[in-house]
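# Close look at the chain arrangement
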Amino acid sequence: MIALATQSFIPYPGRMTQLLEIGTARVLKCAASGPLLAAPGDANDFLGDAWAHEAAVVAIPVERLGPDFLDLSTRIAGDVFQKFVNYRMRLAIVGDIGARLEASKALTDFVRETNKGTSIWFVPDFETLRTRLEVIPTT
């Protein structure tokens with residue numbers, strides 16, 4: 001793994017969230033442990049943290065997703081993603097969702113289409129996100 005320069009650390013009880021500069025983007029890299037993103041309203045906490053630290057991208061590990069987040073019939077993912085897009089905050093879901101993709105053609109199609117854009121991405125690891133951010137402007 002390539003070491004990334006850390007801009008600063010944001011202390012939270014029981015977890016370590018990092019604020020990183022990647023290319024021209026300031027990224028709030030959320031820790032693997034902490035409150036779940038389980039409902040659309042939970043996005044407000046992630047957005048608030050990002051705004052407080054002037055981040056342009058929020059990277060949330062799959063471990064922080066609620067159990068129904070990737071079940072498209074619940075509309076949780078769609079509602080959360082719409083909130084991020086409305087507030088012009090980029091979002092990356094970071095981690096392996098291969099098993100969920102194998103079980104759902106709809107989710108596979110959703111992820112493929114989402115990854116074509118410049119606002120919301122599913123990436124297998126943080127290095128993939130880093131590579132993507134280095135080639136995409138932060139506007």
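It should be noted that the structure appears before, not after, this text.
All residue numbers here refer to positions counted from 1 along the written sequence of the relevant chain. Local features in this predicted model are restricted to residues whose pLDDT is 70 or higher, and side-chain atom pairs enter the listing and the counts only when it is 80 or higher, whereas totals over whole chains, interfaces and linings include all residues. Side-chain figures throughout are based on the complete set of non-hydrogen atoms in the structure, without hydrogens or water.

## Focus on helix H5 (residues 126–135)
Note the following rule: The buried label applies to any residue whose accessible area, calculated with a 1.4 Å probe on protein chains only, is under 20% of its type's maximum; exposed applies above 50%, and partly exposed to all values in between. Put simply, DSSP H or I for four residues or longer makes a helix, DSSP E for two residues or longer makes a strand, and each gets a number counted from the N terminus. It is the directions from the helix axis to the C-beta atoms whose arc is reported. Polar contact criterion, stated in full: a pair of N or O atoms within 3.5 Å, where within protein one must be able to donate a hydrogen and the other to accept it, and residues adjacent in sequence count only if both atoms are side-chain atoms.
For H5, the set of buried residues is Phe126, Glu127, Leu129, Arg130 and Leu133. Projected onto a plane normal to the axis of H5, the buried residues spread over an arc of 155 degrees and lie on a single side. Sitting at the amino-terminal end of H5 is Asp125, which places a side-chain oxygen 3.3 Å from the backbone nitrogen of Glu127.

## Remarks on helix H2 (residues 76–86)
Every α-helix winds through 3.6 residues per turn, so residues three or four apart in the chain are directed the same way. To keep it simple, the criterion reads: Contacts are assigned to residue pairs that have any heavy atoms within 4.5 Å of one another.
Considered for burial, the residues of H2 that qualify are Ile76, Ala77, Val80, Phe81 and Phe84. Across the axial projection of H2, the buried residues extend over an arc of 120 degrees, all falling on one side. Among the structural elements, helix H1 (43–52), strand E4 (57–61), strand E5 (90–94), helix H4 (105–115) and strand E6 (120–123) are those in contact with the buried residues of H2. Where H2 terminates, the next one or two residues include Arg88, which has phi positive at roughly 55 degrees.

Read these as geometric descriptors, not functional statements.
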